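Residue-level structure breakdown
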Amino acid sequence: MDRTGTKKTYRKKGSMRIDIISCVPQLLESPLNYSIVKRAKDKGLVSVFIHDLRDYATGKHKKTDDYSYGGGAGMVMMIEPVYKIIKKLTRQRKYDEVIYLSPDGELFDQPMANRMSLMKNIILLCGHYKGIDQRIREHLITKEISIGNYVLSGGEIAAAAITDTLVRLIPGALSDETSALTDSFQNSLLSPPIYTRPADFKGWRVPDILLSGDHDKIAQWLDEQAVQRTRKLRPDLL
Ligand code: ADE
């Protein structure tokens, strides 16, 4: 166990599958097709499928939203297209969670990410408009997650943030396998400061200790810096 109460376990062999359902799939294109997520997909560590909700809508206009019963501002995501895609996916395989991204949900943090990174299959449903038909939440969703106490225009940015956070935890996704464990928050501490060349830029010098070559002293200094930075910037974590 670490200080966050998270058991340090690692994924069993086998890649992770993330299905993201969205009515604006274009919003997900670039965050999930570059850098670490792309490399992890190319290495077969994760598969990310993006489903366009409009493909499951009926009628000439392929509507995925409608007015809310009882009035009130804003359109509501309709139940039928969501039902169709979720049923199609869950008939094909078992999902650990069917997640709705919403500001009402449980706050996403590193311990939750660590737990979720051990899952095999998850569905992320991105909301849009004013919200989704309550029956979807009651009958099809197993968990609701929020990425912060603010309201986004839709769940896509939250889905991209969660996917990115999970993927970097899959062993092999990062070039140095241990580096996800030294991320900020992994032990409730922020990361210590890091530097690269040049050692002296216009008189702004890299701390001498880092140039000393004394690895024990450097490790001790980095630990101290992590605690000091956390105390200063995020005392709530301590
Ligand atoms: N959709 C809108 N706001 C959100 C938030 N804060 N977290 C997750 N999904 C959202």
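As shown above, the structure is provided for reference.
Please read these numbers as outputs of a predicted model, since none were measured by experiment. (Residues numbered from 1 in each chain as written. Predicted model: local features only at pLDDT ≥ 70, side-chain atom pairs only at ≥ 80, totals over all residues. Heavy atoms only, no water.)

Counting through the fold element by element, Ile147 comes out in the loop between β8 (143–146) and α5 (156–167). With 42 residues separating them in the primary sequence, Ile147 and Gly105 have C-alpha atoms 8.3 Å apart. (Helix = DSSP H or I, 4+ residues; strand = E, 2+ residues; numbered from the N terminus.)

Our focus in this paragraph is the site of the ligand. Close to the ligand lie Leu101, Ser102, Pro103, Ile145, Ser146, Ile147, Gly148, Tyr150, Val151, Leu152, Gly154 and Ala158. Bound to the protein, the ligand loses 96% of the 260 Å² it would expose on its own. Listed by contribution, the elements that provide at least two residues to the shell around the ligand are β5 (97–107) and β8. Here the residues of the shell around the ligand sort into eight nonpolar, four polar and no charged. (Near = heavy atom within 4 Å. Areas by Shrake-Rupley, 256 points an atom, 1.4 Å probe, with all protein chains shown as cover. Nonpolar A, V, L, I, M, F, W, Y, C, P; charged D, E, K, R; others polar.)

What follows is about a nonpolar patch on the surface. Residues Tyr150, Leu152 and Ile157 make up a contiguous nonpolar surface patch of about 290 Å² in total accessible area. Structurally, Tyr150 can be placed in the loop between β8 and α5. (Patch = residues over 30% accessible without salt bridge, like charges linked within 9 Å, V, L, I, M, F, W, Y side chains within 5 Å. Salt bridge = Lys/Arg side-chain N within 4 Å of Asp/Glu carboxyl O.)

Secondary-structure assignment places Gly154 in the loop between β8 and α5. Considered as a pair, Gly154 and Ser102 are 52 residues apart in the sequence and their alpha carbons are 8.4 Å apart. Leave out the neighbours within four places in its chain, and Gly154 touches Gly127 and His128. (Contact = heavy atoms within 4.5 Å.)

These figures capture arrangement, not role.
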